[in-house]
Amino acid sequence: MGLTGLEIYKHLPKTNCKECGSPTCLAFAMALAGGKASLDQCPYVSEEAKEALDSAAAPPIKLVKIGTGDNVVEIGDETELFRHDKKFFHPTGIAVQIKDTDDVAKEAEKFDQLEFERVGLELVTDMVAVINDSGDGSKFKEAVETVASKTNKAMVLVSEDVDAMSQALEAVADRNPLVYAATEDNYEKMTELAKSKECPLGVKGKDLNHLAELSQKITDLGYKELVLDSGARETSQVIADMTQMRRQAIKKKFRPFGFPTIAFTSKESPQEEILQAGAYVSKYASIVSLKASEKQQLLPLVSWRLNLFTDPQKPIQVEAGLYAVGEVNENSPVYVTTNFSLTYFIVQGEVENSRIPSYILCIDTGGISVLTAYADNKFDGEIIAKKMKENDLESKVNHKKIVIPGGVAVLKGSLEDESGWEVMVGPREAAGIPKFAKENFA
Ligand code: SF4
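**Student:** What's the story with the pattern of salt bridges in this structure? I'm lost.
**Tutor:** For the structure shown, the criterion picks out 15 salt bridges. Lys-65 is the salt-bridge partner of Glu-74, the closest N and O atoms lying 3.6 Å from each other. Here Asp-376 and Lys-378 are joined by a salt bridge, their closest N and O atoms 3.0 Å apart. Under the relative-accessibility criterion, Lys-378 is labelled partly exposed at 34%.

**Student:** Looking at this structure, I do not really get the nonpolar core. What am I missing?
**Tutor:** Inside soluble globular proteins, nonpolar side chains tend to come together where they are buried. Counting 69 residues, the largest nonpolar core has Leu-157, Leu-201, Ile-218 and Leu-298 as its most contacted members. Among the elements that line this core, the one with the most residues is helix 6 (residues 162-172), at six residues. With near-sequence residues (within four places) excluded, Leu-298 lies in contact with Val-96, Leu-114, Phe-116, Thr-125, Ile-274, Leu-290, Ala-292 and Ser-293. If you look at the next biggest cluster of nonpolar residues, it comprises 21 residues, including Ile-384, Met-388, Val-397 and Leu-411.

**Student:** Can you walk me through the domain arrangement of the protein in this structure?
**Tutor:** How big an interface is tends to be stated in terms of the accessible area lost upon association of its parts. With domains assigned, the protein is organised as domain 1 (5-57), domain 2 (64-308) and domain 3 (321-441). The centre of domain 1, based on its C-alpha atoms, is set 59 Å off from the matching centre of domain 3.

**Student:** Sorry, what's going on with the environment of Ala-324 here?
**Tutor:** Structurally, Ala-324 is set in strand 13 (residues 321-325). For the pair Ala-324 and Ile-360, spaced 36 residues apart in sequence, the C-alpha separation works out to 6.4 Å. Ignoring any residue separated from it by four or fewer positions in sequence, one finds Ala-324 in contact with Ser-358 and Tyr-359.

**Student:** Explain the pairing of strand 7 (residues 154-158) here, please?
**Tutor:** For a regular strand, side chains alternate in direction, first toward one face of the sheet and then toward the other. A large share of strand 7 lies buried, amounting to five of its five residues. Side chains Ala-154, Val-156 and Val-158 of strand 7 all project onto a buried face; the interleaved residues Met-155 and Leu-157 project onto the opposite face, where all are buried too. Here five bridges tie strand 6 (residues 127-131) to strand 7, and the two strands are oriented parallel to one another. Within strand 7, the position partnered with Val-130 by the bridge is Leu-157. A crossover connection joins strand 6 to the parallel strand 7 through helix 5 (residues 137-150); in handedness this β-α-β unit is right-handed. The pairing of strand 7 with strand 8 (residues 178-182) spans three bridges and is parallel. Bridge pairing in strand 8 links Leu-157 to Val-179.

**Student:** Can you walk me through the site of the ligand in this structure?
**Tutor:** The environment of the ligand is made up of Pro-13, Thr-15, Asn-16, Cys-17, Lys-18, Glu-19, Cys-20, Cys-25, Phe-28, Cys-42 and Pro-43. Looking at the shell around the ligand residue by residue, the classes come out as seven nonpolar, two polar and two charged.

Conventions we followed
Throughout, a residue's number is its position along its own chain's written sequence, starting from 1. The predicted origin of the model limits local features to residues at a pLDDT of at least 70 and limits the giving and counting of side-chain atom pairs to 80 or more, whereas totals for whole chains, interfaces and linings rest on all residues. As a rule here, side-chain values come from all non-hydrogen atoms in the structure, and water together with hydrogens is ignored. Should a side-chain nitrogen of Lys or Arg be within 4 Å of a carboxyl oxygen of Asp or Glu, the pair is scored as a salt bridge. Each residue is placed in one exposure class: buried if its accessible area under a 1.4 Å probe, protein chains only, is under 20% of its type's maximum, exposed if it is over 50%, and partly exposed if it falls in between. Take the buried residues of types Ala, Val, Leu, Ile, Met, Phe, Trp, Tyr and Cys, join any two whose side-chain atoms come within 4.5 Å, and each joined set is a nonpolar core. Only DSSP runs of H or I reaching four residues or more are called helices, and only runs of E reaching two or more are called strands; each is numbered from the N terminus. By definition, residues are in contact when any of their heavy atoms lie within 4.5 Å. Segmentation of the chain into domains, including their bounds, is taken from an automatic or database domain assignment. We treat two strands as partners when DSSP finds at least two bridges between them. Here a crossover is taken to be right-handed if, once the strands point away from the viewer, the path from the first strand over the helix to the second is traced clockwise. Being near a molecule or strand, for a residue, means having at least one of its heavy atoms within 4 Å of it. The classification used treats Ala, Val, Leu, Ile, Met, Phe, Trp, Tyr, Cys and Pro as nonpolar, Asp, Glu, Lys and Arg as charged, and all other residues, Gly among them, as polar.

Okay, structure coming up:
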């Protein structure tokens, strides 16, 4: 959310001295707004003006990075209250908890193997929260070291004890973990520690008002890599606090709340905990830390996150092309469908269920389904015939037969004319594919 040229111009000296290389201050302001100049080219900008411009140009919610390399989790930098207004940008980090009193090595290994596949996408739990449950600094450090040796995923270090945190950071500061948490009692030392190691810092308030004060005090100490927690643990209060923070940051540009957030679940039963975590993913936690660690418990949560953080204006698509399902050979049937993820993966699943190895020719329709693509002239005889050629279907099979979706039986004639192949009209619903395959190809 940049400033306009005129907004920038108000803060410039207006002497038109040309030293910045622009003929006037206004021209320089316009160049700045367009990203074609940088503020330090004007030697006469006052410190106050610099600060005002920096802070006005800053996003309403700061982007904070946790972790390193391929495992960096980026949170914050959101601009919307509601997904349908544009989109949500940075998916909530899901942080599975491991206590330093657990069998840390075993839990960490299990965590590192948590991976899920849905509609062809690899989904993961991307963070691990190591909790100083023992209250013992050296045990905490040992646990943190063990976790770091077992997984490269981003870490949250959970201890309000500055000494314990300091020991843990000696071991893993280079992994850029989130240091959680600075509180009313320890914030000066905890801030100094996080700042010296250049690690992001969690800030835990007693309630929302107190959090605003604490966040302000810490930014006054010169540290702005913050992640906020109002301290609430009861579901409705957490959601109320998160909503208030997001609203104040985006609508009012209230700086103390201009940071990403973290929420901790409190429910004991896994089902309730996942529901609670799902509510926090929706509104508006940037990180959710939870105890559940089983794949079947976490799958609904990572799926919900996937749904929430996709762009509502862009359907999820798979890459177009020719796919082989099973051990195909020159006699294998060939089905054609579109590259809308749901369509493709439903068709793929049913082709698998048919137990007859087959090809699926997946046509790029911009990620829309068969009937919509047909209505939009993105799925017709000419296009399909062209893709059959491009994917060299003739050299893959020896039978010249292709199956089209039953919903677009009307394409049979034009596709036969364009391709010279025999076109078979498949079932209207993908669920009918196994029966269809058995009747025609078994
Ligand atoms: Fe204006 Fe600064 Fe450029 Fe001089 S150097 S013209 S004061 S913007």
